[in-house]
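Structural overview
Residues per chain are reported as follows:
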Amino acid sequence: MEEVRAVGKWAKRIACALVLSAMLAVAFAAPAVADERASSSRGRVVKVAFPPSEGLSMVDDQGNRSGVLFDWLTEIAKYTGWEYEFVDGDIDNLIDRLRDGEIDLVGGMFVREQLADSLDYSTYSMGSNRSLLACAQDNDAVASFDLSTLDGATIGVYEKAVDKNKRLESFLSLNGLSCTLLPLDYASYKSCLDDGTADVMLTGDTDLPGNCKVVASFGGEPQYFALAKGSDLLPELDAAMAQVYAADPGFATKLHDAYFPQMYRFPLELSADDRAYVAGRGEVRVAVVAGQYPLYYDLEGSYRGVVKEVLGLVSERTGLTFRFVHASTYEAALELVASGEADVLGGFQGDERTASERGLALTASYASLDGVVLRSKAGSQRSEGLVFAQLEGLADPKGLDVARVVRYATYEECLSAVNEGRADLTSMPASCAESLFVERSYANVAPATSEHDDAVFSVALPKPVDASLYAVLNKAVNSLSSDELDAIVSRNSTPVTSHRGHHRVVRGAKPLSRGHHGACVRLAFGGHRRCGVAVEGARPRDGDQAGESGGGRSREGGLPLAHVARDTHAHERHHRAFQRGVAVGGGHARHPLQP
């Protein structure tokens, strides 16, 4: 009897074990299959369509790829082990090849029911674009800051963009706007602003015409990866995208913001009053510190610098002309503005509070340079506390525990004071410090470990402010993109050295790095800000101009990406794709390259 009970007990245990095994098998079946598929495709070469589209899929002159699509693929490969073979070409041909199975994957597609029989889409989106309402740059009747100016406007829309047009109708209704939507064929749609057919056109952030200003934006449509019907890559793609979003839910948003920074929200809008003011305004006198690297310095007999290039762009976009009035020190430049000998200060360093204390008002800032704190290697021997060497004209340092601030006319004098023991600390833009260390030895100076605020630069106007001049300058500075400003700083950070009366470019000069070596302190300033030298003893030349000539803007190294004109024929090249049904609206799929 005991044997029967024992057998029964073991039978129950075995049965329970079998049931448990079955449950576990069901629970882990799907992940096991996914893992097996992922394991089997490690190192698989996936052919990816890569049509040219600004911000989405880009290739530079060296063949380097970038954009939202490329960054998504890079992240996905970390989970799948895929390798990629990119296939360039126009979207029309690439979609055909995707359907025929010659290409495995294309990104940035909108879901359309009519293509459900030939394409599969990823479960998760790559993110969403933005829909934009744009008008001609010189259309003063419509303002980006006042939606009511859209009321009564005729809006040109692409007739096949059915879904997009419906979203526009919802946007207008939500904001209480009464507009006329004018459906147009593709050719008429593309020219509707130029020929006056419409006041405003519906477009998107991936295909915004270069000669327009944006007056409104609203939510766009999710974009997906598309694959040939029945592709065995889809389960792995979905699993990888789920992992990406689990690790970083904001991944798609960050990519969109990085490649489509929405600078279109701040277009340069000169009113009729602004244009009249510019037409009647003479030259604007700009106080600058001659030889202040990298803002305004002499290289091989010609002045260049961040200030000159920024105002060169302002001149190009507004029609203002500038004449630079040279000062030997920063304080002297401030005094030129205070005395009325200059209309503005080109490179004011500081914030609004500091400016107000000097009777000045600031435009938006155009540059932020890395700051560095420098200390005496000997350390302080003063019982009263640390002495800080500060440039005349700047506010007292923030965040540093110092007993006394001593002011000097130039950054060179501040650095010499620390080197000679007359001060314990000083601070300045890192690029300026690098140039001074290249110029001469400061054996007793080393970088401090304390953090320091960046040096922020703006154009400053005296109070009471000339409101008309301020309006034009501030609008122009705000219209400059981060790409343009970064490129200007980069162009003016080329390693150079100088001697009195002699200037030459040093080929192969290396940026200074943190630490010290011999008599030269090497500082790590990061990014593209490399070492350079301000001109010492440069002769002032008040006739230096920035006007019709573009302010002597340096063209070396080419134009920054954001300043390159858009390819106005890109959409025309893909017109056949629209007509064949790969276009937006009408229930068809489209690529963001198309409207």
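Heads up: the structure comes first, above all this text.
Residues numbered from 1 in each chain as written. Predicted model: local features only at pLDDT ≥ 70, side-chain atom pairs only at ≥ 80, totals over all residues. Heavy atoms only, no water.

Some remarks on the side chain of glutamate 331
Heads up, the rule is: Secondary structure elements follow DSSP: runs of H or I no shorter than four residues count as helices, runs of E no shorter than two count as strands, and numbering proceeds from the N terminus. Burial classification: accessible surface area is computed with a 1.4 Å probe over protein chains only, and a residue below 20% of its type maximum counts as buried, one above 50% as exposed, and the rest as partly exposed. Throughout this description, a polar contact denotes any pair of N or O atoms lying within 3.5 Å of each other; where both atoms belong to protein, one of them has to be capable of donating a hydrogen while the other can accept it, and for residues adjacent in sequence the pair is counted only when both atoms sit in side chains. The contact criterion used is simple: two residues touch if any of their non-hydrogen atoms lie within 4.5 Å.
Along the chain, glutamate 331 turns up in helix α11 (residues 330-338). For glutamate 331, a relative accessible area of 16% translates into the label buried. Only 2.9 Å separates the side chain of glutamate 331 from the side chain of arginine 358, close enough to count as a polar contact. Not counting chain neighbours up to four residues away, the residues in contact with glutamate 331 comprise Arg358, Glu392 and Gly393.

Overview of the pairing of strand β10 (residues 200-204)
In summary, the side chains of a regular strand alternate between the two faces of the sheet. So the rule is basically this: Here, any two strands with at least 2 DSSP bridges between them count as paired.
Burial runs high along β10: five of the five residues are buried. Side chains Val200, Leu202 and Gly204 project from β10 onto one buried face, and the interleaved Met201 and Thr203 project onto a second face that is buried too. Pairing between strand β7 (residues 127-136) and β10: four bridges, direction antiparallel. Residue pairing for β10: alanine 134 is matched across the bridge by methionine 201. The sheet contact formed by strand β8 (residues 154-158) and β10 spans two bridges and is parallel. Among the inter-strand pairings, isoleucine 155 is bridged to a residue of β10, identified as valine 200.

Examining the pattern of salt bridges
Definition in use: Criterion for a salt bridge: a side-chain nitrogen of Lys or Arg within 4 Å of a carboxyl oxygen of Asp or Glu.
The full count for this structure, using the stated rule, is 19 salt bridges. Where aspartate 140 meets arginine 275, a salt bridge forms, and the shortest distance between an N and an O atom there is 2.5 Å. Here arginine 275 lies in helix α9 (residues 272-280) and aspartate 140 lies in the loop between β7 and β8, a separation of 135 residues in the sequence. Because the salt bridges share partners, they merge into one network encompassing Arg281, Arg285, Asp343 and Asp466.

Here we look at the environment of arginine 275
When its relative accessible area of 36% is taken as the criterion, arginine 275 is described as partly exposed. For the pair formed by arginine 275 and glycine 319, sequence separation is 44 residues and the distance between their alpha carbons is 8.5 Å. If we skip the residues at most four places from it in the chain, arginine 275 touches Asp140 and Leu270. Within polar-contact distance, the side chain of arginine 275 engages the backbone oxygen of leucine 270 at 2.5 Å.

Some thoughts on the packing of helix α10 (residues 306-318) against helix α15 (residues 467-479)
For the record, the criterion: To define axes, lines are fitted to C-alpha atoms, for helices over the stretch in contact only, and angles between the resulting N-to-C directions are given on a 0 to 180 degree scale. Here roughly perpendicular refers to angles of 65 to 115 degrees, roughly parallel to angles under 35, roughly antiparallel to angles over 145, and oblique to all remaining angles. Each residue receives one of three labels: charged for Asp, Glu, Lys and Arg, nonpolar for Ala, Val, Leu, Ile, Met, Phe, Trp, Tyr, Cys and Pro, and polar for the others, Gly being one of them.
It is at 10 Å that the axes of α10 and α15 come closest, and there the two elements cross at 110°. If you check the angle between α10 and α15, you find them roughly perpendicular. Contact with α10, carried on its side by Val314, Arg317 and Thr318, involves Val472, Leu473, Ala476 and Ser479 of α15 and no other residues of that element. Considered class by class, the residues forming the contact of α10 with α15 number four nonpolar, two polar and one charged.

What about the packing of aromatic side chains?
We count it as follows: Aromatic rings from Phe, Tyr and Trp, taking only the six-membered ring of Trp, are treated as a pair when their centres fall within 6.5 Å; an angle between ring planes under 30 degrees marks them as stacked, one over 60 as edge-to-face, and anything in between as tilted.
Within the structure shown, the criterion is met by 12 aromatic pairs. Pairing tryptophan 72 with tyrosine 245 gives two aromatic rings, centres 5.4 Å apart and planes at 65°, and the pair type is edge-to-face. Pair noted here: tryptophan 72 is in helix α3 (residues 68-80) and tyrosine 245 is in helix α7 (residues 234-247), with a separation of 173 residues, a long-range link. Between tyrosine 158 and tyrosine 186, the ring centres sit 5.9 Å apart and the planes meet at 80°, which makes this aromatic pair edge-to-face. Within this pair, whereas tyrosine 158 is found in strand β8, its partner tyrosine 186 is found in helix α6 (residues 186-190), the two being separated by 28 residues in sequence.

Re the side chain of arginine 491
Turning to its location among the elements, arginine 491 is positioned in helix α16 (residues 482-491). Relative accessible area serves as the criterion here: at 14%, arginine 491 is assigned to the buried category. In this structure the side chain of arginine 491 is engaged in a polar contact, spanning 2.6 Å, whose partner is the side chain of glutamate 309.

Brief notes about the environment of glutamine 292
Secondary-structure assignment places glutamine 292 in the loop between β12 (284-289) and β13 (297-299). Along the sequence, glutamine 292 and tyrosine 330 sit 38 residues apart, while their C-alpha atoms lie 8.9 Å from each other.

Let's talk about helix α8 (residues 251-259)
Turn by turn, an α-helix covers 3.6 residues, leaving residues three or four places apart pointing in a common direction. As a reminder of what qualifies: As used here, the arc is the angular range of directions from the helix axis to the C-beta atoms.
Here α8 has its buried residues at Phe251, Ala252, Leu255 and His256. The buried residues of α8 all sit within an arc of 130° when viewed along its axis, so they share a single face. Residues of α8 that are exposed and point over 90 degrees away from its buried face: Lys254 and Ala258. The elements touched by buried residues of α8 are α3, β7 and α7.

What about the sheet that holds strand β22 (residues 425-429)?
The strand order β21-β20-β22-β19-β23 describes an open sheet built from five strands, whose pairing is mixed. The open sheet terminates on both sides in strands that have one partner only, identified here as β21 (404-408) and β23 (445-447). On average, each strand axis in the sheet is tilted by 30° relative to the strand beside it, whichever way the strands run. Examined bridge by bridge, strand β20 (residues 387-391) and β21 share five bridges and lie parallel to one another. Bridging from a neighbouring strand, phenylalanine 388 pairs with valine 405 of β21. The sheet strands contacting helix α13 (residues 411-419) are β19 (371-376), β20, β21, β22 and β23, and the helix crosses β22 at an angle near 150°.

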